[in-house]
Amino acid sequence: MSIRTILTQDAPELSKKCHPITNFNDRLFDLLGDLKQTLTDANGAGLAAPQIGILRRVALVLDDDETYLELINPVVLEMDGEQSGYEGCLSVPGLWGVVKRPMHVKIRAQDRHGNAFELEREGMTARCFCHEIEHLDGVLFTAHTDKLYTSEEVDKQLEEEKKKEKPEKVRQTKG
(Lines give C-alpha, C1' and ligand atoms only; values in the text may rest on other atoms or scores of the structure.)
Protein backbone atom coordinates (compact mmCIF):
# COMPACT_ATOMS: atom_id res chain seq x y z
CA MET A 1 0.00 0.00 0.00
CA SER A 2 1.16 3.48 -0.76
CA ILE A 3 -0.07 7.03 -0.59
CA ARG A 4 -0.88 8.27 -4.08
CA THR A 5 -1.01 11.80 -5.41
CA ILE A 6 -4.58 13.12 -5.59
CA LEU A 7 -5.25 14.77 -8.93
CA THR A 8 -6.77 18.24 -8.94
CA GLN A 9 -9.71 19.53 -10.95
CA ASP A 10 -7.80 20.37 -14.15
CA ALA A 11 -6.52 16.79 -14.59
CA PRO A 12 -8.12 15.24 -17.70
CA GLU A 13 -8.69 11.91 -15.88
CA LEU A 14 -11.31 13.56 -13.66
CA SER A 15 -13.62 14.28 -16.60
CA LYS A 16 -13.58 10.78 -18.08
CA LYS A 17 -16.00 7.92 -17.54
CA CYS A 18 -14.36 4.95 -15.80
CA HIS A 19 -14.28 1.35 -17.00
CA PRO A 20 -15.90 -1.43 -14.94
CA ILE A 21 -13.78 -3.86 -12.95
CA THR A 22 -13.86 -7.35 -14.47
CA ASN A 23 -10.82 -8.93 -12.78
CA PHE A 24 -11.01 -9.29 -9.02
CA ASN A 25 -7.35 -9.94 -8.34
CA ASP A 26 -4.24 -8.71 -6.54
CA ARG A 27 -4.10 -5.53 -8.67
CA LEU A 28 -7.57 -4.61 -7.42
CA PHE A 29 -6.58 -5.41 -3.83
CA ASP A 30 -3.51 -3.16 -4.21
CA LEU A 31 -5.67 -0.36 -5.64
CA LEU A 32 -8.09 -0.63 -2.70
CA GLY A 33 -5.17 -0.52 -0.28
CA ASP A 34 -3.73 2.56 -1.98
CA LEU A 35 -7.12 4.29 -1.94
CA LYS A 36 -7.50 3.59 1.78
CA GLN A 37 -3.99 4.79 2.61
CA THR A 38 -4.41 7.92 0.48
CA LEU A 39 -7.86 8.72 1.90
CA THR A 40 -6.67 8.22 5.47
CA ASP A 41 -3.65 10.45 4.87
CA ALA A 42 -5.84 13.16 3.30
CA ASN A 43 -8.42 12.93 6.12
CA GLY A 44 -11.29 12.79 3.63
CA ALA A 45 -14.73 11.17 3.57
CA GLY A 46 -14.38 9.41 0.23
CA LEU A 47 -12.04 8.80 -2.66
CA ALA A 48 -12.55 7.40 -6.16
CA ALA A 49 -9.97 5.70 -8.36
CA PRO A 50 -9.91 8.44 -11.03
CA GLN A 51 -8.79 10.89 -8.34
CA ILE A 52 -5.49 8.99 -8.25
CA GLY A 53 -5.36 8.58 -12.03
CA ILE A 54 -6.93 5.11 -12.34
CA LEU A 55 -9.92 5.05 -14.68
CA ARG A 56 -11.72 2.14 -13.02
CA ARG A 57 -15.11 2.01 -11.25
CA VAL A 58 -13.75 1.75 -7.71
CA ALA A 59 -14.45 4.06 -4.78
CA LEU A 60 -13.97 4.11 -1.04
CA VAL A 61 -16.40 5.85 1.35
CA LEU A 62 -15.99 6.41 5.06
CA ASP A 63 -19.25 5.29 6.71
CA ASP A 64 -20.86 7.03 9.71
CA ASP A 65 -19.29 4.47 12.04
CA GLU A 66 -15.79 5.21 10.63
CA THR A 67 -15.54 1.97 8.61
CA TYR A 68 -14.35 2.02 5.03
CA LEU A 69 -16.87 0.85 2.45
CA GLU A 70 -15.24 -0.57 -0.67
CA LEU A 71 -17.46 0.02 -3.70
CA ILE A 72 -16.61 -1.75 -6.93
CA ASN A 73 -18.80 -1.07 -9.98
CA PRO A 74 -21.34 0.84 -7.85
CA VAL A 75 -24.68 2.00 -9.20
CA VAL A 76 -27.41 4.04 -7.54
CA LEU A 77 -30.69 2.10 -7.33
CA GLU A 78 -32.86 4.54 -5.38
CA MET A 79 -32.73 8.11 -4.13
CA ASP A 80 -35.25 10.08 -2.12
CA GLY A 81 -35.54 13.07 0.11
CA GLU A 82 -33.28 16.09 -0.11
CA GLN A 83 -30.42 17.63 1.80
CA SER A 84 -28.52 20.78 1.01
CA GLY A 85 -25.15 21.63 2.46
CA TYR A 86 -21.53 22.50 1.92
CA GLU A 87 -19.60 19.93 -0.04
CA GLY A 88 -15.90 19.78 -0.79
CA CYS A 89 -13.58 17.45 -2.66
CA LEU A 90 -10.01 16.32 -2.25
CA SER A 91 -9.55 17.12 -5.97
CA VAL A 92 -10.77 20.70 -5.44
CA PRO A 93 -8.70 21.57 -2.37
CA GLY A 94 -9.75 24.45 -0.16
CA LEU A 95 -13.00 25.17 -2.00
CA TRP A 96 -16.58 24.35 -1.04
CA GLY A 97 -19.98 24.69 -2.66
CA VAL A 98 -23.58 24.34 -1.53
CA VAL A 99 -24.89 21.17 -3.17
CA LYS A 100 -28.31 19.50 -3.08
CA ARG A 101 -28.18 15.73 -2.75
CA PRO A 102 -30.74 13.07 -1.84
CA MET A 103 -31.15 12.36 1.88
CA HIS A 104 -31.48 8.60 1.32
CA VAL A 105 -29.60 6.50 -1.23
CA LYS A 106 -29.64 2.81 -2.05
CA ILE A 107 -26.74 1.43 -4.08
CA ARG A 108 -25.62 -1.89 -5.51
CA ALA A 109 -21.91 -2.68 -5.78
CA GLN A 110 -19.46 -5.54 -5.61
CA ASP A 111 -16.91 -6.32 -2.93
CA ARG A 112 -13.23 -7.04 -3.59
CA HIS A 113 -14.06 -10.67 -4.42
CA GLY A 114 -16.80 -9.84 -6.93
CA ASN A 115 -19.75 -10.57 -4.64
CA ALA A 116 -22.71 -8.25 -5.22
CA PHE A 117 -24.31 -6.41 -2.30
CA GLU A 118 -26.71 -3.56 -1.65
CA LEU A 119 -26.45 -0.75 0.90
CA GLU A 120 -28.83 1.96 2.02
CA ARG A 121 -27.59 5.04 3.80
CA GLU A 122 -28.81 8.49 4.80
CA GLY A 123 -27.25 11.86 5.45
CA MET A 124 -23.52 12.28 5.02
CA THR A 125 -22.86 8.73 3.77
CA ALA A 126 -25.64 9.07 1.17
CA ARG A 127 -24.03 12.35 0.07
CA CYS A 128 -20.65 10.60 -0.23
CA PHE A 129 -22.12 7.74 -2.27
CA CYS A 130 -23.47 10.23 -4.81
CA HIS A 131 -20.28 12.29 -4.85
CA GLU A 132 -17.93 9.32 -5.36
CA ILE A 133 -20.13 7.56 -7.93
CA GLU A 134 -20.27 10.80 -9.92
CA HIS A 135 -16.44 10.81 -9.95
CA LEU A 136 -16.64 7.45 -11.75
CA ASP A 137 -18.71 9.15 -14.45
CA GLY A 138 -16.34 12.11 -14.81
CA VAL A 139 -18.46 14.61 -12.86
CA LEU A 140 -17.15 16.89 -10.09
CA PHE A 141 -19.34 18.45 -7.38
CA THR A 142 -18.59 21.85 -8.92
CA ALA A 143 -21.13 20.99 -11.64
CA HIS A 144 -23.87 21.23 -8.98
CA THR A 145 -23.02 24.59 -7.43
CA ASP A 146 -23.20 28.16 -8.66
CA LYS A 147 -20.50 29.51 -6.36
CA LEU A 148 -17.38 28.18 -4.71
CA TYR A 149 -16.34 29.36 -1.25
CA THR A 150 -13.00 29.30 0.51
CA SER A 151 -12.72 27.51 3.84
CA GLU A 152 -12.57 30.90 5.57
CA GLU A 153 -15.82 32.01 3.90
CA VAL A 154 -17.54 28.76 4.90
CA ASP A 155 -16.35 29.11 8.51
CA LYS A 156 -17.63 32.70 8.61
CA GLN A 157 -21.03 31.74 7.17
CA LEU A 158 -21.40 28.83 9.60
CA GLU A 159 -20.52 31.09 12.52
CA GLU A 160 -23.15 33.64 11.39
CA GLU A 161 -25.77 30.87 11.13
CA LYS A 162 -24.90 29.73 14.66
CA LYS A 163 -25.42 33.24 15.99
CA LYS A 164 -28.85 33.45 14.35
CA GLU A 165 -29.91 30.16 15.96
CA LYS A 166 -29.22 31.42 19.50
CA PRO A 167 -32.12 33.42 20.89
CA GLU A 168 -31.12 36.89 21.94
CA LYS A 169 -31.26 37.49 25.65
CA VAL A 170 -33.93 39.99 26.59
CA ARG A 171 -32.87 42.40 29.26
CA GLN A 172 -35.47 42.92 31.91
CA THR A 173 -35.74 46.02 34.00
CA LYS A 174 -37.67 46.43 37.20
CA GLY A 175 -40.21 49.15 37.16
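The structure this text deals with has already been given above.
Bear in mind that the values here come from a model prediction, so they are computed numbers and not experimental data.

### Remarks on the sheet that holds strand 7 (residues 116–122)
With antiparallel pairing, five strands are arranged side by side in an open sheet as 1-2-3-6-7. Each end of this open sheet is capped by a strand with a single partner; those strands are strand 1 (46–48) and strand 7. Each neighbouring strand pair of the sheet contributes to a mean axis angle of 40°, computed without reference to strand direction.

### Considering the state of the cysteines
Summed over the entire model, instances satisfying the criterion amount to zero disulfides. Not engaged in a disulfide, the cysteine C128 finds its nearest cysteine sulfur in C130; these two sulfurs lie 9.4 Å apart. Given a relative accessible area of 7%, C130 falls into the buried group.

### Brief notes about the pairing of strand 5 (residues 92–101)
Direction of pairing for strand 4 (residues 83–89) relative to strand 5: antiparallel, over a ladder of seven bridges. Bridged to Y86 within strand 5 is V98. Once strand 4 ends, the chain turns through two residues before running back antiparallel as strand 5.

About the cut-offs
- Residues numbered from 1 in each chain as written.
- Predicted model: local features only at pLDDT ≥ 70, side-chain atom pairs only at ≥ 80, totals over all residues.
- Heavy atoms only, no water.
- Pairing = 2+ DSSP bridges.
- Helix = DSSP H or I, 4+ residues; strand = E, 2+ residues; numbered from the N terminus.
- Axes fitted to C-alpha atoms, helices over the stretch in contact; angles between N-to-C directions.
- Disulfide = S-S within 2.5 Å.
- Buried < 20%, exposed > 50% of the residue type's maximum accessible area, 1.4 Å probe, protein only.

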